[in-house]
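# Survey of secondary and tertiary structure
Listed below, chain by chain, are the residues.
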Amino acid sequence: MTQLYPPTIAGTLPSFYKTKVNGTATIAVPFSMNKTTKISDVSGFSLRIKTTNTDILYGIITSEVWSQDVAAPVASFIIDDAILNRLTIGSFYKVQLAYIDRYGVTGYYSSVGIMKCTSAPTVEISDFS
């Protein structure tokens, strides 16, 4: 059994909110399918999160939730509290994405993409009552 070759991700990825929305904090990672990997071979994804300066591994998150749109697929991950509490708003993080095959084996990780951790925006009108 061989490992699946990694999906392709951009060097700069959309930011994610540390703020929980509906009780969960999520990361959405857009990617491109590897030409050697069939959609039917993929059962999920693994996301590795590291700091940009010290390269410390904050955690690995797995997910089976992803849009199978061939034009613009996106893998979605729910951040568990153990990792979420270590993240700092305004900081940048290295992420790498890997396929998980039908047998639960994690494939090779992709090249590094950089994401920024932000807080959810609040919109208000000053002096409005």
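As a starting point, this report considers the structure included with it. (Residues numbered from 1 in each chain as written. Predicted model: local features only at pLDDT ≥ 70, side-chain atom pairs only at ≥ 80, totals over all residues. Heavy atoms only, no water.)

Two descriptors summarise a pair of aromatic rings, namely the distance from one centre to the other and the angle between the planes of the rings. Scanning all chains against the criterion turns up six aromatic pairs. Aromatic pair phenylalanine 31 and tryptophan 66: ring centres 6.1 Å apart, planes at 45°, arrangement tilted. Taken as a pair, phenylalanine 31 in the loop between strand 2 (25-30) and strand 3 (42-51) and tryptophan 66 in the loop between strand 4 (57-63) and strand 5 (74-79) lie far apart in primary sequence, 35 residues in all. Just as phenylalanine 31 is buried, tryptophan 66 falls in that class too. Ring centres 5.1 Å apart and planes at 75° place the aromatic pair phenylalanine 45 and tryptophan 66 in the edge-to-face group. With phenylalanine 45 in strand 3 and tryptophan 66 in the loop between strand 4 and strand 5, this pair connects stretches of sequence that are 21 residues apart. Overall, the relative accessible area of 0% leaves phenylalanine 45 in the buried class. Three or more aromatic residues joined by ring pairs form one cluster here, namely Phe31, Phe45, Trp66 and Tyr99. (Phe/Tyr/Trp six-rings, centres within 6.5 Å; stacked < 30°, edge-to-face > 60°. Helix = DSSP H or I, 4+ residues; strand = E, 2+ residues; numbered from the N terminus. Buried < 20%, exposed > 50% of the residue type's maximum accessible area, 1.4 Å probe, protein only.)

Attention shifts here to the sheet that holds strand 3. Here five strands make up an open sheet; going across it, the order is 1-7-6-3-4 and the pairing mixed. Edge positions in the sheet fall to strand 1 (16-17) and strand 4, since each has one partner strand and no second. Sheet topology note: the strand 6 (residues 92-101)/strand 7 (residues 113-118) ladder contains four bridges and is antiparallel. Bridge assignment links lysine 94 to a residue of strand 7, and that residue is isoleucine 114. (Pairing = 2+ DSSP bridges.)

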